Amino acid sequence: MAIIKQKIVPHLWFDKEAKEAAEFYTSVFENSRIKSTTTLHDTPSGTVDVVTFELFGQEFMAISAGPLFKFNESISFIVKCDMQEEIDFYWQRLTSEGGQEVECGWLKDKYGLSWQIVPTVMDEMMQSKDPVKLTCVTQAFLKMKKFDIAALQRAYDGK
């Protein structure tokens with residue numbers, strides 16, 4: 001009997017790029033790997049590739065099944081970062097080769113998938129019961145594309 005390690009697995013629908021995207025994502029994130037690739041024939045979408053991969057131990061599946069569905073901003077993946085260097089690294093890698101910077105720490109990668117590259121310190125900031133601190137940090141991040149931890153901290157501290 002199989003042991004279920006993860007009950008919920010995000011499943012990503014690509015036109016033709018499931019293998020390419022899985023290779024890209026596993027190159028961006030440490031402790032990541034492609035677990036399996038299966039080609040299915042004679043499906044309603046024709047021949048499709050199904051790829052299972054892990055990013056930081058989180059399992060994902062991807063399918064190349066034609067242009068029926070496109071990614072949109074209603075779903076995004078949050079990458080929590082302890083240091084500015086991490087934010088800069090993920091931001092650069094995920095916006096490379098045709099990715100797009102958006103606002104408030106959001107970006108779209110070259111496949112159209114939305115990501116939020118967020119400093120972990122924002123968890124504490126956003127839970128503040130001090131309305132002035134919350135307003136100051138909110139006004140600061142609303143003006144940013146890529147988050148700047150030092151600028152967010154200054155805003156939170158009222159400086």
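Residues take numbers from 1 onward in each chain, read along the sequence in its written order. For a predicted model such as this one, the threshold for reporting local features is a pLDDT of at least 70, and the threshold for listing and counting side-chain atom pairs is 80 or more; totals across whole chains, interfaces and linings nevertheless cover every residue. Side-chain metrics rest on all non-hydrogen atoms present in the structure, leaving aside hydrogens and water.

Asks: Explanation requested: the overall build of the chain in the structure shown.
Replies: A run of DSSP states H or I qualifies as a helix once it reaches four residues; a run of E qualifies as a strand once it reaches two. Both are numbered from the N-terminal end. A count of helices and strands for the chain gives five helices and eight strands. Overall, the chain shows an N-to-C arrangement of helices and strands of β-α-β-β-β-β-α-β-β-β-α-α-α. Dimensions of the chain, computed from the C-alpha atoms along their principal axes, are close to 60 × 35 × 25 Å. By residue count, 38% of the 159 residues in the chain fall in the buried class. In what follows, residue pairs with any heavy atoms lying within 4.5 Å of each other are defined as contacts. Taking contacts inside the chain between residues at least 6 apart in sequence as the whole, the part at least 24 apart equals 59%. Where accessible areas are quoted, they stem from the Shrake-Rupley method and a 1.4 Å probe; at the residue level, only the protein chains shown are allowed to cover. Accessible area of the chain: about 9600 Å², with a carbon and sulfur share of 54%. Separation between the mean location of the 18 positive side-chain charges and that of the 23 negative ones in the chain comes to 3 Å. Residue exposure (1.4 Å probe, protein chains only): buried if accessible area is under 20% of the type maximum, exposed if over 50%, otherwise partly exposed. Residues counted as positive are Lys and Arg, residues counted as negative are Asp and Glu, and His and the chain ends are not counted. For the purpose of locating charges, the reference atoms are NZ of Lys, CZ of Arg, CG of Asp and CD of Glu.

Asks: Even after reading the chapter, I still don't get the layout of surface pockets, so can you show me in this structure?
Replies: Vacant regions in the atomic arrangement are exposed by a probe of water-molecule size rolled over the atoms. What the largest pocket holds in volume is close to 180 Å³. Both site types are read off a 1 Å grid over the protein atoms alone. A 1.4 Å probe that fits but cannot get out defines a cavity, while an open set with protein on both sides within 12 Å along at least five of seven lines defines a pocket; lining residues have an atom within 4 Å of a point. Lining the largest pocket are Phe-29, Leu-55, Phe-56, Gln-58, Phe-60, Phe-77, Ile-78, Val-79, Lys-80 and Trp-115. Counting residues per element, the lining of the largest pocket draws most heavily on strand β5 (residues 76–81), which supplies four residues. Put simply, Ala, Val, Leu, Ile, Met, Phe, Trp, Tyr, Cys and Pro go in the nonpolar bin, Asp, Glu, Lys and Arg in the charged bin, and everything else, Gly too, in the polar bin. Per-class residue counts for the lining of the largest pocket are eight nonpolar, one polar and one charged. Grid points are joined across faces, edges and corners, and a volume is the space filled by probe spheres set on the points. Estimates place the volume of the second largest pocket at around 160 Å³. Together, Ile-78, Lys-80, Cys-104, Trp-106, Gln-116, Val-118, Met-122, Asp-123, Met-126, Phe-141 and Phe-147 line the second largest pocket. Those elements giving two or more residues to the lining of the second largest pocket turn out to be β5, β8 (114–119) and α3 (121–126). It is α3 that provides the largest number of residues to the lining of the second largest pocket, a total of three residues. Looking at the lining of the second largest pocket residue by residue, the class counts come to eight nonpolar, one polar and two charged.

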